[in-house]
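One-letter residues, chain by chain:
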Amino acid sequence: MLIEVGHFALALALALSLVQAVMPVWAARSGDAALRAVATPAALGTFACILFSFGALTYAHATSDFSVQNVIENSHTAKPFLYKLSGVWGNHEGSMLLWVLILALFGALVAVARNSVPPVLRANTLAVQGLITFVFVLFIITTSNPFMRVSPAPVEGNDLNPLLQDFGLAIHPPLLYVGYVGFSITFAFAIAALIDGRIDAVWARAVRPWTLIAWSFLTLGIAMGSYWAYYELGWGGWWFWDPVENASLMPWLAGTALLHSTVVMEKRDALKVWTVLLAILTFSLSLLGTFIVRSGVLTSVHSFATDPTRGVFILAILILFIGGSLSLFAWRAPMLRQGGLFAPISREGALVMNNLFLAAACATVFVGTLYPLLLESLTSEKISVGPPFFNYTFIPLAIPLLLIVPFGQTLAWKRGDVHAASQRLFAAMGVALAVGLAVLAWTWGGPMMAPIGIGLGAYLVVGSAMEIVSRARGYGNSRARTVGAVMRRALGLPRSAWGTALAHAGVGIVVLGIAAQGWATEALGTVKPGESLTSGPYVATLDRVGPRTGENYEETTAFLTIRNTAGDFIGTVETGKRFYPSRKMNVTESGLLTIGVSQVYASLGEMVPGGAIGLRLYYKPLVLLIWLGSVVMALGGAVSLTDRRMRVGAPARAKEKAKALPGTMAPAE
Amino acid sequence: MSAARLPRVVVALMLLAGSSGTVLAVQPDEVLPDAKLEARARDISSGLRCLVCQNQSIDDSDAPLARDLRLIVRERLKAGDDDRQVQDYVVGRYGEYVLLRPVLALHTLLLWLTPLMALGLGIFGLWRLSRRRADHETKLSPAEEAEIAALTRRDR
């Protein structure tokens, strides 16, 4: 019964989202404010209905209700409870339901947010959001209904794909979707501005918190996916330039550019048309990502949904939204008033450079991902575009981008002074050079790129720290004399300054982690109990091999003791091969031993007659920095969000203050 | 930025006893005794696509076909081929699809030029923007000049 009510609630959401989409537009024509105000309760109602619908499906999964097709296909009574819950979105239908749930959640948040968004802009934004929700709910109801019943109900389900029965993958989709779908709000704001024909700093300010939320979650989602691939796929790589990974990287790159261009727009009233275009492109790339994953058009390790009819529907959605929004852009953008000027050497100039390189990188990933498909359909020539291509093209674009980062923070708005900025960044450059050279000398004969990368990472981290220090210290007469005064002032700096510094330091930390992989070592061998394998500074000894039983799998486990080359005990690692009888699938469970931020990574290979096992042992120095740095980046986004400008009702107060103190400039941040 | 990952650097290889059946990426029994040659083999393998897999190199893949290709690569290396010749040999047998780094040719020109074109387009756009603004700033129509003249006269 609950399932049917859930299904009904989804249909109700379809109707309500249509109301949400149509009423504000109608109101705009008739000028009826009451009609326009319908958008808010409609958005809340849509969210409530989808939430109920999602709850019903979750209940079916949690209670293993095998009368529901979706539960049969993805659950099993012996499956651990956590994965019964994550199984809700571990399949196509459920993940689409999660997608629209987040879509409606963002709509509801915009409807109730008490910030100073002009009512017309808010209503139009809700209308666009309503239209997106309507189309996706229609997609679910017509092609991907998760509430299908089966009679008679079987006693047991087919279980979830074992690769997905993992904590990392349990939380990866929700994080990623909040990111993807979060950009729908900036998209809706952009379309609303185009419809309205008006765009200004108020718009930029209204959009910024949503961009920050989406970006932070997308960062976490990508990092989580990368960490999952690292430990679950069993060969220790953390980024494969897989189409599905690229699908999440593209909106991230565009979203990062958007995050920076809205700052320029808010502060300098420039880059308006470009910002609107970016907002459209970012969400378009999110939709493209959904299309790539959901349609299985570019099959890859991650694609667990392959169904052409759905693909065609999503393609239609893609054409409707991307084509429609770009047409609207082409028609209306020339009417938007061009914004202010900017000098090349200034903070906005650096941010323009940021946008230039991010956009070029995004275009490269885009073309690289879709080129084989396009070429094959046009000329029937088959080529592969793999990691080497992306490494050759992406990295040369990333390095100059990273080099500008500290300059962007240091340069002043309007008219910056490169010389002064360089002086202030002298410490960062000096430290970077010293670190790079020291590491190079220490690891002489090793890879050349790694010390360069370490230097670059150090430059970014120190540059971010120096930015906080020098701003807290102040200049000229107001220069703080004591350490205590600097500390006090540092704490008093705007949260957005801290957020920026943290996010940029996070990028530096990621770069450090990536660079250090140049020193990663790998060993493979066949070992019997009592024998050892050495990789880098660590030695793994096979203690024994034995069977182990989990809730829904059988495992053959290798128990290893890790020692350093001097023979001191470091820890133990277990790696196994799991067999899931319900799916008849084998999965390798890698064993990880974390030492500081480095890891020893063991992966069990084949069993050899005579009691020996194939063993693969990696030493991954500083590898955790890759994901910890991402977390720091997302944390930077979160700290920026707590800035008083972003807080509910804050802009109004800030404006009053500005009025009270005529002539004072907003602090550069 | 995973260039650091690309050159399979310090590949500490230990070949112990026994030979295994098949599968799971590079097997101990495939490893060449000559460490230098093996490092080259790994490097070449990581640039060759496993044809039956989804976006995996033969170095990462545990498919039997990938193993066959790995063995071919090692055989060619043992026969004294240089890296280029090994690659050409594999491409000759399996086609261009096997290369994870597409060749630079007419049909891939657009692909390889994308980063430069994107940058160029951006720079061109910025240049146009600055030009247009400069135009706006410097050139006033005669009517506007007259208007300003009139206004300033009235102020005085």
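Residues numbered from 1 in each chain as written. Chains lettered and ligands numbered in written order. Predicted model: local features only at pLDDT ≥ 70, side-chain atom pairs only at ≥ 80, totals over all residues.

*Asks:* Please clarify how the overall build of chain A should be interpreted in this entry.
*Replies:* The helix and strand tally for chain A stands at 21 helices and 9 strands. For 669 residues, the compact-globule estimate of 2.2 N^0.38 gives 26 Å, and chain A sits close to it at 27 Å. Each principal axis of the C-alpha distribution contributes one length, and for chain A these read about 85 × 70 × 55 Å. Residues classed as buried in chain A amount to 56% of the 669 residues present. (Helix = DSSP H or I, 4+ residues; strand = E, 2+ residues; numbered from the N terminus. Rg over C-alpha atoms; globule rule 2.2 N^0.38 Å. Buried ≥ 20, exposed ≤ 12 C-beta atoms within 10 Å, placed from the backbone.)

*Asks:* Help me understand the overall build of chain B in this model?
*Replies:* In terms of helices and strands, chain B carries 5 helices and 0 strands. Listing every helix and strand of chain B by position from the N terminus yields α-α-α-α-α. A burial count over chain B gives 31% of its 156 residues as buried.

*Asks:* Any chance you could explain the nonpolar core here in plain terms?
*Replies:* Of all hydrophobic cores here, the largest spans 226 residues; its most connected members are A:Val100, A:Phe189, A:Leu253 and A:Cys362. Among residues more than four places away in sequence, those in contact with A:Val100 are A:Ile50, A:Thr133, A:Phe136, A:Val137 and A:Ile140. Counting residues in each nonpolar core, the second largest holds 14 residues, with B:Ile44, B:Val73, B:Val86 and B:Val90 among its members. (Core = buried A, V, L, I, M, F, W, Y, C linked by C-beta atoms within 7 Å. Contact = placed C-beta atoms within 7 Å.)

*Asks:* Please clarify how the packing of helix H8 (residues 167–196) of chain A against helix H11 (residues 272–295) of chain A should be interpreted in this entry.
*Replies:* To describe two helices that pack against each other, one gives the angle between their axes and the distance between the axes. All names here are of chain A. In contact at an axis separation of 8 Å, H8 and H11 are set at 140° when each is read in the N-to-C sense. With respect to H11, the element H8 is oriented oblique. Note on packing geometry: the crossing formed by H8 with H11 is left-handed. Residue-level inspection shows Tyr-180, Phe-183, Ser-184, Thr-186, Phe-187, Phe-189, Ala-190, Ala-193 and Leu-194 of H8 in contact with H11, the latter providing Val-276, Ala-279, Ile-280, Thr-282, Phe-283, Ser-286, Gly-289 and Thr-290. Partitioning the contact of H8 with H11 into residue classes produces 11 nonpolar, 6 polar and no charged. (Axes fitted to C-alpha atoms, helices over the stretch in contact; angles between N-to-C directions. Parallel < 35°, antiparallel > 145°, perpendicular 65-115°, else oblique. Left-handed = near helix turned anticlockwise from the far one by under 90°. Nonpolar A, V, L, I, M, F, W, Y, C, P; charged D, E, K, R; others polar.)

*Asks:* Quick question: what am I supposed to make of the sheet that holds strand E9 (residues 612–620) of chain A here?
*Replies:* Strand pairing in a sheet is mediated by backbone hydrogen bonds. Such pairs are either parallel or antiparallel. Residues and elements named next belong to chain A. Read across the open sheet, the 4 strands follow the order E1-E9-E8-E7; overall the sheet is antiparallel. Each edge of the open sheet carries a strand with a single partner, namely strand E1 (521–527) and strand E7 (591–595). If you compare each strand with its neighbour and ignore which way they point, the axes differ by 15° on average. For E7 and strand E8 (residues 598–608), the ladder comprises 5 bridges, and the chain directions are antiparallel. For Gly-591, the partnering residue across the bridge sits in E8 and is Ala-602. (Pairing = 2+ DSSP bridges.)

*Asks:* Help me out: how do you make sense of helix H1 (residues 35–45) of chain B in this one?
*Replies:* Each α-helix turn comprises 3.6 residues. Residues three or four places apart therefore point the same way. Residues and elements named next belong to chain B. For H1, the set of buried residues is Glu-38, Ala-41, Arg-42, Ile-44 and Ser-45. For H1, the angular spread of the buried residues around the axis is 165°, confining them to a single face. Buried residues along H1 sit in contact with helix H2 (64–78) and helix H3 (83–94). (Arc of directions from axis to C-beta.)

*Asks:* Quick question: what am I supposed to make of helix H9 (residues 201–232) of chain A here?
*Replies:* All names here are of chain A. Compared with an ideal rise of 1.5 Å per residue, which puts 32 residues at 46 Å, H9 spans 45 Å between its outermost C-alpha atoms and is within 8% of the ideal. In the structure, H9 departs most strongly from a straight axis at Val-207, where the bend amounts to approximately 30° and where the proline Pro-209 lies between one and four residues downstream. Where burial is concerned, most of H9 is hidden: 27 out of the 32 residues are buried. (Expected span 1.5 Å × (residues − 1). Bend = angle between axes of the 7 residues up to and from the residue.)

*Asks:* What should I look at first to understand the confidence of the model for chain A in this one?
*Replies:* Atom-level detail of predicted coordinates should not be read off regions where pLDDT is low. The predicted model of chain A averages 88 in pLDDT, with 93% of residues at 70 or higher. Predicted confidence is poor over residues 648–669 of chain A, with pLDDT under 50, and the contacts of this stretch with residues over four places away or in other chains come to 19 contacts. (pLDDT = per-residue confidence, 0-100.)

*Asks:* Help me understand the environment of A:Thr588, please; the structure alone is not making it clear to me.
*Replies:* Residue and element names in this part refer to chain A. Along the polypeptide, Thr-588 turns up in strand E6 (residues 585–589). Given 19 C-beta atoms within a 10 Å radius, Thr-588 is considered partly exposed. The spatial distance from the C-alpha of Thr-588 to the C-alpha of Gly-576 is 6.0 Å, given a sequence separation of 12 residues.

*Asks:* Help me out: how do you make sense of the packing of helix H16 (residues 426–442) of chain A against helix H17 (residues 449–473) of chain A in this one?
*Replies:* All names here are of chain A. Two elements in contact, H16 and H17, have axes separated by 8 Å at closest approach and are oriented at 155°. By the angle between their directions, the pair H16 and H17 is classed as roughly antiparallel. Regarding H16 and H17, the two cross each other, and that crossing is right-handed. Counted together, Ala-427, Ala-428, Met-429, Val-431, Ala-432, Leu-433, Val-435, Gly-436, Val-439 and Leu-440 of H16 and Pro-451, Ile-452, Ile-454, Gly-455, Leu-456, Ala-458, Tyr-459, Val-462, Gly-463 and Met-466 of H17 form the full contact between these two elements. Class assignment of the residues belonging to the contact of H16 with H17 gives a composition of 17 nonpolar, 3 polar and no charged.

*Asks:* Explain the pairing of E1(A) here, please?
*Replies:* Residues and elements named next belong to chain A. Of all the 7 residues making up E1, 7 are buried; the element is thus mostly covered by neighbouring parts of the structure. The two faces of E1 match: Thr-521, Ala-523, Gly-525 and Val-527 on one face and Glu-522, Leu-524 and Thr-526 on the other face are all buried. Two strands pair when backbone bridges link them, and E1 and E9 are joined in this way by 7 bridges, in the antiparallel orientation. Residue pairing in the sheet places Gly-525 in a bridge with Leu-615 of E9.

*Asks:* How do you make sense of the confidence of the model for chain B when you look at a structure like this?
*Replies:* All names here are of chain B. Summarising the model, chain B shows a mean pLDDT of 76, and 77% of its residues fall at 70 or more. The least confident element of chain B, judged by mean pLDDT, is helix H5 (residues 142–155) at 75; the most confident is H3 at 91. Prediction confidence for the complex, expressed as pTM and ipTM, is 0.89 and 0.83 respectively.

*Asks:* Whenever I open this one, the sheet that holds strand E2 (residues 532–535) of chain A confuses me. Can you help?
*Replies:* Residues and elements named next belong to chain A. Taken in spatial order, the 5 strands of this open sheet run E2-E3-E4-E5-E6, and their pairing is antiparallel. Taken across any chain shown, the strands that pair with only one partner, and hence form the sheet edges, are E2 and E6. The mean inter-strand angle of the sheet, taken between neighbouring strand axes irrespective of direction, is 25°. With 4 bridges joining them, E2 and strand E3 (residues 538–549) adopt antiparallel strand pairing. Among the inter-strand pairings, Thr-534 is bridged to a residue of E3, identified as Val-539.

*Asks:* Please clarify how the pairing of E6(A) should be interpreted in this entry.
*Replies:* Along any regular strand, the residues point their side chains to alternate faces of the sheet. All names here are of chain A. When strand E5 (residues 569–580) meets E6, the two strands line up antiparallel, connected through 5 bridges. Across the sheet, the residue bridging to Arg-578 is Val-587, located in E6. Once E5 ends, the chain turns through 4 residues before running back antiparallel as E6, passing Lys-584 with a positive phi of about 50°.

*Asks:* Quick question: what am I supposed to make of unusual backbone geometry here?
*Replies:* Glycine aside, residues mostly have negative phi angles, and peptide bonds mostly take the trans form. Residue and element names in this part refer to chain A. Along the chain, Ser-151 connects to Pro-152 via a cis peptide bond; the corresponding omega equals 0°. Positionally, Pro-152 belongs in the loop between helix H7 (119–143) and H8. In the Ramachandran plot, Leu-271 falls in the positive-phi region, its phi being about 60° despite a non-glycine side chain. Tracing the sequence through the fold places Leu-271 in the loop between helix H10 (243–268) and H11.

*Asks:* Sorry if this is basic, but what is going on with the environment of B:Val91 here?
*Replies:* Residue and element names in this part refer to chain B. Here Val-91 is to be found in helix H3. In the structure, Val-91 is positioned 43 residues away from Leu-48 in sequence and 9.2 Å away in space, judged by C-alpha atoms. Filtering out sequence-adjacent residues up to four positions away, Val-91 remains in contact with Glu-96, Val-98 and Leu-99.

*Asks:* Is there a simple way to explain the environment of A:Arg332 in this structure?
*Replies:* Residues and elements named next belong to chain A. Position of Arg-332 relative to the elements: it lies in helix H12 (residues 308–332). When the C-alpha positions of Arg-332 and Trp-238 are compared, they lie 42 Å apart, and in sequence the two are 94 residues distant. For Arg-332, the contacting residues outside a window of four places in its chain are Leu-194 and Gly-197.

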